[in-house]
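Here is what each chain is made of, one letter per residue.
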Amino acid sequence: MSSQDRTGSRRAKIFKVSSLVVMAALFLSGCSSEVQKGWLPAERDNTSNTGRIIDLWVNSWIAALIVGVITWGLIIWCIVAYRRRRNETGYPRQISYNLPLEVFYLTIPLFMVLVFFYFTDRDQQAIDARVEDPDVIIDVRGKQWSWDFNYVLENKYDAGVQAQLNGEPGVPETLPTLYLPVNQTVEFRLNSRDVIHSFWVPAFLQKRDMIPERENYITLTPTREGVFEGKCAELCGEYHSEMLFNVAVVSEEEYEAHLETLEDGQLGEEYDRNPQTVTGESPSGADEQIGQD
Ligand SMILES: [Cu+2]
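Residues numbered from 1 in each chain as written. Predicted model: local features only at pLDDT ≥ 70, side-chain atom pairs only at ≥ 80, totals over all residues. Heavy atoms only, no water.

From N to C terminus, the protein includes six helices and eleven strands. Counting every position in the protein, which comprises 293 residues, the buried fraction comes to 31%. A total of about 19,600 Å² of accessible surface is found on the protein, and carbon and sulfur atoms cover 59% of it. (Helix = DSSP H or I, 4+ residues; strand = E, 2+ residues; numbered from the N terminus. Buried < 20%, exposed > 50% of the residue type's maximum accessible area, 1.4 Å probe, protein only. Areas by Shrake-Rupley, 256 points an atom, 1.4 Å probe, with all protein chains shown as cover.)

Attention now moves to the UniProt feature "transmembrane region" (unreviewed entry) in the protein. In the numbering used here, UniProt assigns the "transmembrane region" (unreviewed entry) feature to residues 57-82 and 103-120. Within the segment residues 57-82, helix and strand shares are 96% and 0% respectively, and the terminal C-alpha atoms sit 37 Å apart. Note that residues 103-120 is 100% helix and 0% strand, and that its end C-alpha atoms are spaced 26 Å apart. (UniProt positions renumbered as here; feature names shortened; annotations may be inferred.)

Protein coordination at the copper ion comes from His197 (ND1), Cys232 (SG), Cys236 (SG) and Met243 (SD), with a distance range of 2.1 to 2.5 Å. Considering all four donor atoms around the copper ion, the spread of angles at the metal, 90 to 125 degrees, places the coordination shape in the tetrahedral class. The sequence motif formed by the donor residues of the copper ion is H-x34-C-x3-C-x6-M. A residue is classified by how much of its surface remains accessible, and Met243, at 0% relative accessible area, is buried. (Donors = N, O, S within 2.8 Å, 3.2 Å for Na, K, Ca; no water. Tetrahedral: all angles 85-135°; square planar, octahedral: opposite > 155°, others 65-115°.)

Another point: the pattern of salt bridges. A complete count under the given rule lists 13 salt bridges for this structure. Of the charged contacts, one joins Asp139 and Arg141 as a salt bridge, the two residues approaching to 3.2 Å between their closest N and O atoms. Several salt bridges share partner residues, and in doing so they unite Lys143, Asp148, Arg193 and Asp272 into one network. (Salt bridge = Lys/Arg side-chain N within 4 Å of Asp/Glu carboxyl O.)

So, on to the sheet that holds strand E11 (residues 263-264). Overall, mixed pairing links the six strands, which are arranged E8-E5-E1-E2-E3-E11 in an open sheet. Because the sheet does not close on itself, it has two edges, and the strands there are strand E8 (216-220) and E11. Inspection of the sheet shows strand E1 (residues 136-143) paired to strand E5 (residues 186-192) by seven bridges, in the parallel sense. When the sheet's bridge partners are listed, Val136 is paired in E5 with Val186. Contacting E1, strand E2 (146-151) and strand E3 (156-159), helix H5 (residues 252-260) runs over the sheet at an angle of about 105 degrees to E2. (Pairing = 2+ DSSP bridges. Contact = heavy atoms within 4.5 Å. Axes fitted to C-alpha atoms, helices over the stretch in contact; angles between N-to-C directions.)

This brings us to the sheet that holds strand E4 (residues 177-181). Within a sheet, adjacent strands bond to each other through the backbone by hydrogen bonds, running parallel or antiparallel. On the basis of which strands lie adjacent, the open sheet formed by five strands has the order E4-E10-E9-E6-E7 and mixed pairing. Each end of this open sheet is capped by a strand with a single partner; those strands are E4 and strand E7 (206-210). For this sheet, the mean inter-axis angle between neighbouring strands, taken without regard to orientation, is 20 degrees. Sheet analysis places strand E6 (residues 197-201) next to strand E9 (residues 226-232), joined by two bridges and oriented antiparallel. When the bridges of E9 are listed, Phe199 appears paired with Cys232.

Written as structure tokens, this is what we have:
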């Protein structure tokens, strides 16, 4: 077999393997419903913010891909056009200080960063804008390893209790469920009772840390009825993976009916591991618990 034949058969083999890999990737990705939604676990109209977030995400990918294709094209062009020819020996001609080239590779990336910054900042400001008087205020208290939901304006509360802390997959029916009325502005006041948690409803495409002694906010309007999964997105201890909840976006009537089933009052700072309202000695056991973190 001549060396040319060998190169030819090796090329054919590489081509066969790479087309198999591409086919497998297409086949596997086709099986996932997430991919069909543009890699995001949300519909455009889940909340007042999801459309904007999806646009920012998808357009950033388009911009990155355009830059990527140009960059890959230039790399391949350099490799092919300036490859070592058969009769060449020694080093190629060495050059330095090409001012036009240096200006080009400083200004183009700077321009790209500024464009990304502009659109990110514009959307972030719109998404994070708080409203003057929201229709619903939910004071969410993250705790190892569940959630308390205070309906502030209605003075009702729902205390989350973990049904099982055994590492088994959570049972959706036993999880605490936050109710929200559809098409009404909601302000989440995010607080933690012990360590850093993170409030995350994947279908809303929004997530924010809950930090002890510091209140964070998410403002949005849920615009689609349904039950969505919520979870803690900050590793917060042994049963972090079971720190789950549901969000039920329902009609105004269903929301009112659900509130009727809840207890009056609020579960505030007095249930924190180090309550701010208690002066003097910390409650029994609190110090030991902190030591275990
Ligand atoms: Cu957590």
